[in-house]
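# Geometric and topological summary
Listed below, chain by chain, are the residues.
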Amino acid sequence: MQTGQESDDAGPRIWGGTTLTERREARRAALLEAALDLIGEAGAAGVTMRAVCRRANLTDRYFYESFSSRDELLDVLYRQIAEEFLEPMTAFASADDPSRDRALSEVLVDKVLEDPRKSRLFLVEPYSSTGLGQTTIAVMPAFTRLIQDHLFVHIADPVRRRLAAVSMASGNAGMFSAWLNGSLRATREQIVDHCVATLTAYRSIYRS
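Each chain has its residues counted from 1, following the order in which its sequence is written. pLDDT decides what is reported in this predicted model: residues at 70 or higher carry local features, side-chain atom pairs at 80 or more are listed and counted, and totals for whole chains, interfaces and linings draw on all residues regardless. Remark: hydrogens and water are excluded; side-chain values derive from all non-hydrogen atoms of the structure.

Where an unreviewed UniProt entry is consulted, the chain appears under the name TetR family transcriptional regulator, with the organism given as Nocardia bhagyanarayanae.

Below you can see the structure in the form of structure tokens.
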């Protein structure tokens, strides 16, 4: 008897040309994209299970197929976006040539401008009461290590090297948050120049 429910029986059952796994992945992607749209419109506060399901045109049954709660959805989405920021930064940070600092700064700033929805979640929403605090604490050390192990590798003292990396990572996060929420008015070029100058300043402070 056909119940309208998708079966979990073993084997890749085909329905409409797709497998059960493919349909689940498509629904999960639709829910994440719907959450991003809501974040772009009203911030993470606008992301509720019902709002996400309405935007994705799915029932709550399919929401709980992928996520146990709204907080888990935001956690997954935040970590995905963090990886999107980290990947191009890692490629440029690993290079060691005179133009590296500006190229890296331009990549970072352009990534911030690329998708306002993603940048809002990653850089603005952690400062509000969205339940992202613990996720941010878990994710940010990867960015600090990138700065510490590549950009400030010539700072010999490990404590000073970490101080510089943590200060720069947290300072840039606050700066970009202010830029995105409109409280800091600056052009793209000014932000890029600031990032380059900050790198130079920290290296000047700790020359050895």
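### Description of the layout of surface pockets
A cavity here means a set of points on a 1 Å grid, drawn over the protein atoms and nothing else, where a 1.4 Å probe fits but cannot get out; a pocket is an open set with protein on both sides within 12 Å along at least five of seven lines, and a residue lines either one if it has an atom within 4 Å of a point. Grid points are joined across faces, edges and corners, and a volume is the space filled by probe spheres set on the points. Approximately 500 Å³ is the volume attributed to the largest pocket. Every residue lining the largest pocket is counted, 28 residues in all, and those nearest its centre are Met-140, Phe-143, Ala-169, Ser-170 and Ala-173. For the lining of the largest pocket, the elements supplying multiple residues, two or more each, are α4 (70-93), α5 (100-114), α6 (116-124), α7 (133-151), α8 (158-181) and α9 (188-205). Nonpolar residues are Ala, Val, Leu, Ile, Met, Phe, Trp, Tyr, Cys and Pro. Charged residues are Asp, Glu, Lys and Arg, and all others, Gly as well, are polar. Counted by class, the lining of the largest pocket contains 22 nonpolar, five polar and one charged residues. The way it works is that DSSP assigns letters per residue, a run of H or I at least four long becomes a helix, a run of E at least two long becomes a strand, and they are numbered from the N terminus.

### Some points on the nonpolar core
Throughout, nonpolar core names a set of buried Ala, Val, Leu, Ile, Met, Phe, Trp, Tyr and Cys residues whose side chains join them through atoms within 4.5 Å. Partly exposed residues are those whose accessible area sits between 20% and 50% of the maximum for their type, while under 20% is buried and over 50% is exposed, using a 1.4 Å probe and protein chains only. One finds Val-52, Leu-73, Phe-152 and Phe-176 to be the most contacted residues of the largest nonpolar core, which totals 57 residues. Top element by residues in this core is α4. It accounts for 11 residues. Contact between two residues is taken to exist if any of their heavy atoms lie within 4.5 Å; hydrogens are not considered. Aside from chain neighbours lying at most four places away, what touches Val-52 is Leu-31, Ala-34, Ala-35, Leu-38, Val-47, Phe-63 and Leu-73.

### Observations regarding the packing of aromatic side chains
Two aromatic rings, taken as a pair, are described by how far apart their centres are and by the angle between their planes. Only rings of Phe, Tyr and Trp enter the pairing, Trp through its six-membered ring, and a pair is recorded when the two centres are within 6.5 Å. The plane angle decides the type: under 30 degrees is stacked, over 60 is edge-to-face, the rest tilted. Applying the stated criterion across every chain yields a total of seven aromatic pairs. Where Phe-63 meets Tyr-64, the ring centres are 5.3 Å apart and the plane angle is 80°; that geometry is what we call edge-to-face. By relative accessible area, which is 1% here, Phe-63 ends up buried. Measuring from ring centre to ring centre gives 5.8 Å for Phe-63 and Phe-67, while their planes differ by 55°; the resulting arrangement is tilted. Here Phe-63 matches Phe-67 in class, with each residue buried. Taken together, the ring pairs connect Tyr-78, Phe-85, Phe-122 and Phe-143 into an aromatic cluster.

### Things to note about the pattern of salt bridges
Pairing between side chains of opposite charge can happen when the charged atoms of each approach one another. Only one rule defines a salt bridge in this text: a Lys or Arg side-chain nitrogen within 4 Å of an Asp or Glu carboxyl oxygen. All chains considered together, the criterion is met by 16 salt bridges. One salt bridge connects Arg-27 with Glu-65, and the closest N-O pair in it is separated by 2.8 Å. Residue Arg-27 is found in helix α1 (residues 20-42), and its partner Glu-65 is found in helix α3 (residues 60-66); the two are separated by 38 residues along the sequence. For Arg-27, a relative accessible area of 9% corresponds to the buried category. Overall, the relative accessible area of 31% leaves Glu-65 in the partly exposed class. For Arg-70, the salt bridge goes to Asp-71, with nearest N and O atoms at 3.1 Å. Among the residues examined, Arg-70 registers a relative accessible area of 22% and is labelled partly exposed. Salt bridges linked by common partners bring Glu-33, Asp-37, Asp-115 and Arg-117 together as one network.

### Here we look at the confidence of the model for the chain
Of all residues in the chain, 89% attain a pLDDT of 70 or more, and the chain-wide mean is 88. As a per-residue measure, pLDDT tells how confident the predictor is, with possible values from 0 to 100. Contacts from residues 1-5, a stretch scored under 50 in pLDDT, to residues over four places away or in other chains number two contacts.

### Regarding the environment of Ala-169
Tracing the sequence through the fold places Ala-169 in helix α8. Given the relative accessible area of 13%, Ala-169 is considered buried. In the structure, Ala-169 is positioned 23 residues away from Leu-146 in sequence and 9.6 Å away in space, judged by C-alpha atoms.

### Some points on unusual backbone geometry
Phi angles above zero are rare outside glycine, and Asn-57 is one such case at about 60°. Position of Asn-57 among the secondary structure elements: in the loop between α2 (49-56) and α3.

### What to know about the environment of Ser-183
Here Ser-183 shows up in the loop between α8 and α9. Within the local environment of Ser-183, its side chain forms a polar contact with the side chain of Asn-181, the two groups lying 2.7 Å apart. Side-chain atoms alone can form a polar contact between residues adjacent in sequence; in general such a contact is a pair of N or O atoms within 3.5 Å, and within protein one must be able to donate a hydrogen while the other accepts it.

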